[in-house]
Amino acid sequence: MRKWISLLFATVLTATVAVACASSNDTAAGGGGGTSTLDTVLSRGSLICGVNGQLPGFSFVNNEGEYSGMDADYCRAIAAALFDDPSKVEFRNLSAQERFTALAAGEIDVLIRNTTWTINRDTALGLEFGPTTFFDGQGMLVAKASGVTAISGLGGKSICVQSGTTTEQNLTDKFRKLNIPFTPVVFDDEDALYSAFAQGRCQAATSDRSQLTARRQSLPNPDNYLVLEEVISKEPLGPAVRNNDSKWADAVKWIVYSTFQAEELGIEQDNLTQFASSTDPEVKRLLGQEGTLGTDMGLPNDFAARVIKHVGNYGEIYQRNIGEPFALERGLNSLWTDGGLIYAPPFR
Amino acid sequence: MDEQKIPLWRDDRFIKLAVQVLLVVAVVVVIAILANNVSVNFRRLGLNFGFSFLNNPASFGIGDTAIPYSPTDAFGKALLVGLINTLRVIVVGIILATLLGIVVGVARLSENWLVRQIATVYVEIFRNTPLLLQLFLIYTAGFLQLPPIEQALQLPGSTILSNQGLYLIWPIGSLRTGLSLAVLIGGATLGIVLWQRRLRVMELEGASGNGYQKALIGIGIVSLLALLLGLEWRTPQFENGTVTGGLHLSAEFGALLFGLVLYTAAFIAEAVRAGIQSVSQGQWEASRALGLHSSLAMRLVVFPQALRVMIPPLTSEFLNLAKNSSLAAGIAYSDFFQIAFTINNQTGRVLEVVLLIMITYLTINLLISLGMNWFNQRVQLKER
C-alpha cells in the first residue's frame, strides 16, 4: 500500500512541477509585449464600448432605438477611425459598480461612461485615461417646494446618490467639511435613483451637473425642480482603457484629440470636402494627406478625416447631444481659444 | 503453484488508484492554471494582492447604520456595518418567513374553501415571479408611496412613519440601559429554568409548586421595572422635516425585509404543506378517535411528525433567504454586498473583495446549516 501512496505523491509532484514550468513560460510570453487591444479590435472588426446607457446627453437609447449622446458618439468616432464605419460598435450598458471590473476583465475595449478621471482610478485601479471630453462639476437637484437654495440648507436631510461614483465620496467630503449631518440613500441604478427622488424619498439628488440638468427634464414636472448654483467638485469625464497598453491608449487619445483639433481648424462634417483640397499643411497633416501621423500609431492615415466625416468635430458633437437638447452652455468646454479647457497638443 | 501475475492494467487495485490519482492531478492542474492566470494578470495590471487596504479610511457615508459609523472610519468598519445590516435582515427575515410560511402552509390544507384559495393564490404568485421584481414593486409602489417626511404620519407611541421609514421609541445606549438589559436577559433565563422546574415538580411529585410561582412573580416585577424605568427610552423628535433620536428603520430595510419574507414564506408554505401531507391519514383518524379537536390534532399529533420531514427543505429556504438578501443593492439598502462592491469600486481590489464576499456568505450559510442540522437531529426519531 505504501508503494501506491508514494506513487501518488510522485505523480502529483511531477504534475505540479510541469504546471509550474509551463506557467513560467506563459509569463515570459504574456507579460512582455502581448497583443494590444488595437490589434484585437482590428481583427475582430468591431469595437466593444462600455457606456452608461441610462444617461440622456451622454449615452442612452433614443426614441429611434439607437444609442445617442456624447459618449456614444465617441465610441462611434473610434469605430469610424478604425473601420471607416461608425456602426461597427457594440455597446455594453454598465452600472457604475460594474464598469472598472468589466474593463479590467477585457469584457470591453474602451470605457466611455461619463467616468471621472481621478488619481486613484488612474493608478491603483490600473486604468489609463484619455483626454477629458467633458469638464463637469457635482451639483444638487432639489424640489423648489422644499425652499432649499443652498447646500447648507440640506442638514439632516436624505440625499440620493449613486453607488461607486466619485459623487458619493465628494458628497461625504463636502458635508463633513461643512460639518452638517445627512443620510445617504445609495442606489445602484440611475433610473431607480431618480424615480425614488421624484417620489420624495430624498430631499436632494446629487450627481454631475450635466447629468442633473438632463435628468431634470425627464422628471414628471421638470419645473418643480432646480439644480443648485453651487458646484462642489471637479469632474473631468473622459474615456478610459486598461493600463500598460500604450498602443491602444494612444489610438483612443489621438482620435479624441482629432475632434478637438478639427474644431480649432474649423473643419466640420459639412465642409470637410472643401478642406480636402486645402493647402494648409496643418490641415493636410490632420486629414492624413501629408506625413504619416496615422500609420505611425497603427491607424489608417486618414483616421481624423474619417472621424469628422462620420461623427463631426468636438463642437458639433457637443451641440448635437448637450448644447441643443439641454441648453447647456459650453463654459469650461469651450476651445482654449475661447477661454475654455478644450485643447489638443500639436498634430505634428 | 505458479500463478500467472495479473497485468497492471487489469489489476483492479491499480485501476481504482489510477483513477483517483488522475482526478487529483486534474484538480491540481486546474487550480494551478487559475492561480497562475490570476498572478499573471495581476502583474500585467501592476496590482498586488493584500488586505491592508481595509485599514484605509472609507470616506463614504452609509444610510443605515446599526453601530456608530462615520466616513473617517476604515473600510473594515464599513464592511462590519454592512455585515450587521445583512444579519439584521437575515435573522428577522428567517423568523418572520417561518411564522408566515407555517400559517400559509396550514391554510393551504384548511377545510375553509376561501382560506385555501387565498393561500394558494399567494403561494403561486410569490413563488413564480422574480424576487427582484417583487422587491422593486414593494419598494416603489409600496414604501415610497407613504407620505413624504414633511407630512409624516404621527402614530401612537411616538412612532413616526414616512417614506423615509419608521421611527420608533428606543432605548439609548448608556450604562444604565446596559445594566437593565442584563437584568432583563438574566431574569428571562432564570424564569424559564424555574418554570420548567416547577412543571416537573408538579408533574412528577404532585407538589403545588407555590414557592416557584412566587419566585416567578418576583422576577416578573423586577423585569417590568427594569423595562420601564431602567432602559432610557428615547422618543423620536420631529422638527422641520427631520427626525432625531429613536430607532430608524429605513424604507429600504422595510422593503427588503417584506420582500424576502413574502417570497421565502411562499416556499416555506409548500414545504410545510408537503410535510403535513406526508403524515399518514391514520394519525388524523387516531387523534379524532381520541376526541381531539382538529386544531389540537394538528398541533399535538400531526405537526410534530411533519416537522421531521419539513426541516431539510426549510434549511435550504433559510439559506436562499440569506443569499437573496444580497439583492438589497437594487433597492438602495446598504447590505454587506453593496458596501463590499462600493469598496471594490473605490480601491480596485476585485479579487480580495470577491473573496471576502464569498467567505462571508459561506460562513453565514454554514452557520445556518449547522444550527438547522443540530435541530434536525434533535427532532428525528431516536432509534432505540
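Residues numbered from 1 in each chain as written. Chains lettered and ligands numbered in written order. Predicted model: local features only at pLDDT ≥ 70, side-chain atom pairs only at ≥ 80, totals over all residues.

Asker: I keep staring at the pairing of strand β10 (residues 158–162) of chain A and nothing clicks. Help me out?
Answerer: On a regular strand, one side chain projects to one face of the sheet and the next to the other, so that they alternate. Residues and elements named next belong to chain A. For β10, the buried fraction is high: 5 of the 5 residues fall into the buried class. Direction of pairing for β10 relative to strand β11 (residues 183–187): parallel, over a ladder of 5 bridges. Residue pairing across strands places Cys160 opposite Val185, the latter belonging to β11. Remark: the β10/helix α6 (residues 166–178)/β11 crossover connection has right-handed handedness. With 2 bridges connecting them, β10 and strand β12 (residues 204–208) associate as parallel partners. Among the inter-strand pairings, Ile159 is bridged to a residue of β12, identified as Ala204. (Buried ≥ 20, exposed ≤ 12 C-beta atoms within 10 Å, placed from the backbone. Helix = DSSP H or I, 4+ residues; strand = E, 2+ residues; numbered from the N terminus. Pairing = 2+ DSSP bridges. Right-handed = clockwise from strand over helix to strand, strands pointing away.)

Asker: Explanation requested: helix α6 (residues 210–230) of chain B in the structure shown.
Answerer: Residues three or four positions apart in an α-helix share a direction because the helix packs 3.6 residues into each turn. Residues and elements named next belong to chain B. Between its first and last C-alpha, α6 extends 29 Å over 21 residues, near the 30 Å set by a 1.5 Å rise per residue. Where α6 is concerned, the buried positions are Ser223, Ala226 and Gly230. For α6, the arc enclosing every buried residue in end-on projection is 75 degrees, short of the 170-degree limit, so these residues lie on one face. Of the exposed residues in α6, those oriented more than 90 degrees away from the buried face are Asn210, Lys214, Ile217, Gly220, Ile221, Leu225, Leu228 and Leu229. In this structure, the buried residues of α6 make contact with α5 (175–205). (Expected span 1.5 Å × (residues − 1). Arc of directions from axis to C-beta. Contact = placed C-beta atoms within 7 Å.)

Asker: Would you mind showing me how to read the environment of A:Thr292 here?
Answerer: Residue and element names in this part refer to chain A. On the secondary structure map, Thr292 appears in the loop between α11 (281–286) and α12 (293–296). Given 10 C-beta atoms within a 10 Å radius, Thr292 is considered exposed. C-alpha of Thr292 to C-alpha of Arg348: the two residues are 56 residues apart in sequence and 9.4 Å apart in space.

Asker: I'm lost on the interface of chain A and chain B in this one. Help?
Answerer: Listed as interface residues are 43 residues of chain A and, on the opposing side, 39 residues of chain B. Where the side of chain A that touches chain B is concerned, the elements lending two or more residues are α1 (2–31), α4 (99–104), α6, β11 and α7 (190–198) of chain A. Sort the elements by how many residues they give to the side of chain A that touches chain B and α1(A) lands first, with 12 residues. The residue makeup of the side of chain A that touches chain B, split by class, is 14 nonpolar, 21 polar and 8 charged. (Nonpolar A, V, L, I, M, F, W, Y, C, P; charged D, E, K, R; others polar.)

Asker: Hey, could you run me through the nonpolar core in this one?
Answerer: With 88 residues, the main nonpolar core has A:Ile159, A:Cys160, A:Ala205, B:Leu256 and B:Ile331 as its most contacted residues. Ranked by residue count, the leading element in this core is helix α7 (residues 251–278) of chain B, at 16 residues. Here A:Ala205 is in contact with A:Leu141, A:Cys160, A:Leu193, A:Tyr194, A:Phe197 and A:Leu212, once residues within four sequence places are set aside. A:Val41, A:Ala80, A:Val89 and A:Leu125 belong to the second-largest nonpolar core, a separate cluster that totals 64 residues. (Core = buried A, V, L, I, M, F, W, Y, C linked by C-beta atoms within 7 Å.)

Asker: Explanation requested: the sheet that holds strand β3 (residues 59–61) of chain A in the structure shown.
Answerer: Each strand in a sheet pairs with another by means of backbone hydrogen bonds, the pair being arranged parallel or else antiparallel. Residue and element names in this part refer to chain A. One open sheet accounts for 3 strands, arranged β2-β3-β4; its pairing is antiparallel. Each having just a single partner strand, β2 (54–55) and β4 (67–68) make up the two edges of the open sheet. When β2 meets β3, the two strands line up antiparallel, connected through 2 bridges. Bridged to Leu55 within β3 is Ser59.

Asker: Sorry if this is basic, but what is going on with the domain arrangement of chain B here?
Answerer: Much of the literature gives interface size as the accessible area that the parts lose upon coming together. Taken domain by domain, chain B consists of domain 1 (8–44) and domain 2 (75–169 + 235–379). Of note, the centres of domain 1 of chain B and domain 2 of chain B, computed from C-alpha atoms alone, are 42 Å apart. (Domains from an automatic or database assignment.)

Asker: What's the story with the domain arrangement of chain A in this structure? I'm lost.
Answerer: All names here are of chain A. Each assigned domain of chain A is listed with its residue range as follows: domain 1 (37–135 + 236–338) and domain 2 (138–233). Taking only C-alpha atoms, the centre of domain 1 and the centre of domain 2 are 29 Å apart. Counting only elements with at least two residues in the side of domain 1 that touches domain 2, the list comes to β2, β6 (110–116) and α14 (314–326). Its residues assigned to classes, the side of domain 1 that touches domain 2 shows 7 nonpolar, 7 polar and no charged.

Asker: Please explain the packing of helix α9 (residues 246–265) of chain A against helix α13 (residues 303–310) of chain A as it appears in this structure.
Answerer: When two helices pack together, you describe them by how their axes are tilted relative to each other and by the distance separating the axes. Residue and element names in this part refer to chain A. Between α9 and α13, whose axes approach to 9 Å, the crossing angle comes to 70 degrees. With respect to their mutual orientation, α9 and α13 come out roughly perpendicular. In the packing of α9 onto α13, the handedness of the crossing is right-handed. On α13, the residues that touch Ile255, Ser258, Thr259 and Ala262 of α9 are Phe303, Ala304, Val307 and Ile308. Within the contact of α9 with α13, the residues separate by chemical class into 6 nonpolar, 2 polar and no charged. (Axes fitted to C-alpha atoms, helices over the stretch in contact; angles between N-to-C directions. Parallel < 35°, antiparallel > 145°, perpendicular 65-115°, else oblique. Left-handed = near helix turned anticlockwise from the far one by under 90°.)

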